[in-house]
Amino acid sequence: MNTEWLPALILLVPLCGALLALANRRSAPYFSVLAAFITLLLAISAAWQVEAHGPLSGSDGLFYLDALGALYLLPVSFVYFTASLYAIGYLWARQQEQDKDAAEPRYRQYFPLMNVFALVILAVPLVANLALMWIAIELTTVFSAFLVAYEDRAEALEAAWKYVALTSMGAMIALLGVLMLYYGTHAAGQAPTWDGLMTAAPHMSAPLLLLAFVLWLIGFGAKTGLVPMHTWLPDAHSQAPASVCAVLSGVETSAALYMLLRIYPALVVNPGIHDPAAWYITAGLITVGSAAFMLIQVHDFKRMFAYSTIEHMGIILTACGIGAAVHEQGTIYQLFAHGFTKSFCFFAAGLAGIIFGTQEIVKVRGLISRSPAVGWALILGTLAIAGAPPFALFLSEFEILDTGYSSGQYLSTGLLTAFIVIAFIALTYQATRIAFGTPDPAQEHTSPAMKIPRSSLAAMVIAFVPVLIFGFYLPPPLVHLVHEAAQLLEVQG
Amino acid sequence: MITVSPIMLSIAGSVAALFVVFGLGVMVSRQMLASLRFFMGQSVALTLSALVLADALHTVNLLWVALITFVTKVIAVPLVLRWAAGEEIYGRREVDQALEIPASVLVAAVFALVGWFAVAPVLPTLHDVPFAAINLPTGLIMVLWGAFTVALRRESVAQMMGLLIMENGAFFGSIAIVHNLTVIAEIAAAVDVPIVALVIGLLIRSIRRVTGSTRVGTLDKLHEH
């Protein structure tokens with residue numbers, strides 16, 4: 001079977017979705033959901049092909065999809081689908097909450113942008129050329145800026161501006177690194193692709209490779225939310241619609257992290273670079289530690305999940321440094337499971353915000369008594385994202401810590417354990433206050449129970465399926481893909 | 001190894017100096033319109049540098065880079081910025097910034113040293129790449145100055161110019177070492193800059209519409225209590 005067309009088709013479908021949504025305001029949500037669903041099916045098909053027959057390439061080397069890319073593609077397409085479905089009712093409910101007399105939401109602004117935003121995220125694992133990957137990552141900011149500022153208030157614009165300024169600044173720093181790697185691969189007679197970089201890396205000038213990496217770490221680190229370049233992330237998540245947060249937090253931040261993970265083996269095989277793991281462990285631990293302590297004092301539950309994303313990005317980076325990618329596949333699985341779990345958390349948080357009309361933790365009590373479905377979703381989502389059993393992130397975090405201790409990296413693994421425990425306690429404490437606390441009668445009076453939109457509820461239920469199942473069971477093809485992806489990060493040196 | 005005449009190296013060095021001076025102008029200028037003109041001047045310097053390198057290295061691709069730079073950064077981006085900021089770009093003369101000009105210049109000098117020392121270990125490995133010793137440190141310094149400008153300014157248009165001089169810096173540094181981006185990457189890069197400028201311009205217009213100004217220093221409601 002000729003599968004060369006698959007990567008191009010995966011990008012073509014969201015583009016068609018965007019154009020159709022732009023052309024027809026009333027049908028915009030339905031075109032988007034349909035485009036997202038077809039994209040999901042195509043992504044599954046592409047991942048299946050990669051698992052069965054190895055990397056996919058097409059269009060004269062323009063596209064290239066290997067196991068790690070396929071494992072990233074799956075959560076992206078899944079979150080794109082669930083977020084599109086969720087947004088239909090959620091945007092309507094938000095509109096009603098703010099202004100009952102308002103017309104229907106600005107679907108014509110939202111859905112075309114959401115489709116193009118998904119398109120550029122999907123392009124990151126699909127394109128072969130490093131410069132095109134950089135362009136795709138930069139465009140994720142550009143196309144999501146107005147999604148963050150969707151509610152068009154001063155606060156939303158402030159969040160969008162911080163987001164654009166910080167992440168674009170990071171992108172410009174990373175650009176110089178990308179172009180340095182371009183030179184390095186070209187000088188070694190290789191193409192500027194991941195494979196080309198791996199082949200060229202042992203022969204590249206160590207100072208050049210190291211400088212390019214440092215520029216990536218700072219530049220892509222800003223997009224990933226690594227401390228201290230993280231400040232845009234809680235602000236953007238507190239203001240953006242929950243459906244946008246699901247994509248931002250679930251898969252967009254991981255796009256830049258994906259780049260940082262993929263350059264790691266190139267650093268290790270270069271004989272002139274000593275201990276590249278130290279960079280990953282240091283940056284990762286600073287990020288996890290800061291996020292864990294911020295989680296203790298957070299006052300807004302959407303900001304809480306944003307800090308949890310920062311924590312997870314730090315865990316994945318640290319895990320890569322301590323070698324969990326190689327030994328136990330913990331890094332890969334954490335990256336994979338984070339996308340599904342975090343989007344589910346934001347779906348629940350968004351509905352909780354609609355029910356109470358506020359995101360302030362102190363004003364939200366007794367969510368379960370107001371809405372059992374949303375209350376339990378918030379509790380389960382929090383437990384899942386905090387790394388409690390039996391959810392997928394428990395497995396990955398357990399594997400990461402096990403790898404760290406068994407390889408004798410006691411200090412870094414000990415610190416990582418401590419920060420994960422602090423974050424776990426903070427998250428579950430905040431979530432139980434929200435879900436089980438006694439409802440404030442005055443609050444109940446001022447914000448009468450709002451009907452939960454059915455499309456949003458359906459999206460939340462669909463989003464919960466992988467969160468639950470991947471904790472118990474990973475289908476054999478996925479297990480194989482995880483192994484294959486771990487081998488790509490494996491270092492022969 | 002390509003041999004380059006000392007005259008070409010001198011011209012390239014002079015263009016780099018011009019590039020730095022215009023960058024400094026963007027960073028310290030207190031007038032929005034002057035800052036925009038300095039950015040246009042810097043983009044012209046980048047165009048000139050690409051032309052010099054294209055001639056010295058006999059690389060047609062750099063002619064495309066020069067053309068793309070001129071069209072997007074000297075013509076299109078300033079038009080977008082003037083449209084985004086509206087009357088304010090002419091009406092309001094002072095740009096708020098976190099540090100006074102002498103302190104800013106001092107910090108810029110420190111960044112220049114940081115940039116130089118970061119690139120210094122790389123340069124010996126690029127001994128066979130003409131112009132790398134001129135363009136690469138200059139480019140990295142400009143990336144750092146651009147980041148500093150974004151942090152320093154409290155004005156959206158000025159912050160955007162900080163981002164744009166960062167991009168100028170990245171391209172100024174890389175044209176010396178990368179002359180052969182694939183056609184698709186070149187087209188994408190050419191489209192990327194106007195898209196970024198247009199979207200940020202739209203965002204600036206939204207900020208002006210909602211808050212009545214392009215100042216972003218006053219937008220400080222979002223933080224942990």
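Residues numbered from 1 in each chain as written. Chains lettered and ligands numbered in written order. Predicted model: local features only at pLDDT ≥ 70, side-chain atom pairs only at ≥ 80, totals over all residues. Heavy atoms only, no water.

Short version of the rule: UniProt positions are given in the numbering used here, feature names are shortened, and annotations may be inferred rather than shown by experiment.
Named according to an unreviewed UniProt entry, chain B is Cyclic nucleotide-binding domain-containing protein originating from Acidithiobacillus marinus. In UniProt, chain B has this text filed under Subcellular location (unreviewed entry): "Cell membrane".

## Structural notes on the interface of chain B and chain A
Which entries qualify depends on this criterion: It only takes one pair of heavy atoms within 4.5 Å for two residues to be counted as in contact. When two parts are put together, the accessible area they lose, computed with a 1.4 Å probe and summed over both, is reported as buried area. Any Lys or Arg side-chain nitrogen found within 4 Å of a carboxyl oxygen on Asp or Glu counts as a salt bridge. Polar contacts here mean pairs of N or O atoms no more than 3.5 Å apart (in protein, one a potential hydrogen donor and the other a potential acceptor; neighbouring residues in sequence count only if both atoms are side-chain atoms). Secondary structure follows DSSP: runs of H or I at least 4 residues long count as helices, runs of E at least 2 residues long count as strands, and numbering of each begins at the N terminus.
With 52 residues of chain B in contact, the opposing surface of chain A contributes 49 residues. Summed over both partners, the interface of chain B with chain A buries about 4200 Å², with 77% contributed by carbon and sulfur atoms. The tally of links from chain B across to chain A stands at one salt bridge. Where B:Arg209 meets A:Asp152, a salt bridge forms, and the shortest distance between an N and an O atom there is 3.1 Å. Linking chain B with chain A are three residue pairs in polar contact (both at pLDDT 80 or more). The set of elements that each furnish at least two residues to the side of chain B that touches chain A consists of helix 5 (101-119), helix 6 (132-152), helix 7 (156-174) and helix 8 (183-211) of chain B.

## Re the packing of helix 3 (residues 67-98) of chain A against helix 21 (residues 476-489) of chain A
Residues and elements named next belong to chain A. Selection rule: Only C-alpha atoms enter the line fits that serve as axes; for helices the fit covers just the stretch in contact. Angles between N-to-C directions range over 0 to 180 degrees. Small angles under 35 degrees read as roughly parallel and large ones over 145 as roughly antiparallel, with 65 to 115 read as roughly perpendicular and the rest as oblique. In this scheme, a crossing is called left-handed if the near helix is turned counterclockwise away from the far one by less than a right angle; it is called right-handed if the turn is clockwise.
Contact pair helix 3 / helix 21: the axes reach a minimum separation of 7 Å and the direction vectors enclose 125°. The orientation of helix 3 relative to helix 21 falls into the category oblique. The element helix 3 and its partner helix 21 pack so that their crossing is left-handed. Between helix 3, through Ala67, Leu68, Ala70, Leu71 and Leu74, and helix 21, the contact on the second element is made entirely by Leu478, Leu481, Val482, Glu484, Ala485, Leu488 and Leu489.

## Let's talk about helix 6 of chain B
Spelled out, the test is: Working rule for helices: expected span equals 1.5 Å times residues minus one. For the exposure calls, accessible area comes from a 1.4 Å probe over protein chains only, and a residue counts as buried if that area is under 20% of its type's maximum, exposed if over 50%, partly exposed in between.
With 21 residues, helix 6 of chain B extends 29 Å between its outermost C-alpha atoms, agreeing within 8% with the 30 Å of an ideal straight helix rising 1.5 Å per residue. Within helix 6 of chain B, 18 of the 21 residues are buried, which leaves the element mostly enclosed by the surrounding structure.

## Some words on unusual backbone geometry
Residue and element names in this part refer to chain A. Residue Pro228 is reached from Val227 by a cis peptide bond, and omega for that bond is 10°. Mapped onto the secondary structure, Pro228 falls in the loop between helix 8 (206-224) and helix 9 (232-239). Omega for the peptide link from Pro389 to Pro390 comes to 10°, which places this bond in the cis form. Looking at the element boundaries, Pro390 is found in the loop between helix 16 (372-386) and helix 17 (392-406). Its identity as a non-glycine residue notwithstanding, Asp152 has a phi of 60°, on the positive side. Tracing the chain through its elements places Asp152 in the loop between helix 5 (130-148) and helix 6 (154-187).

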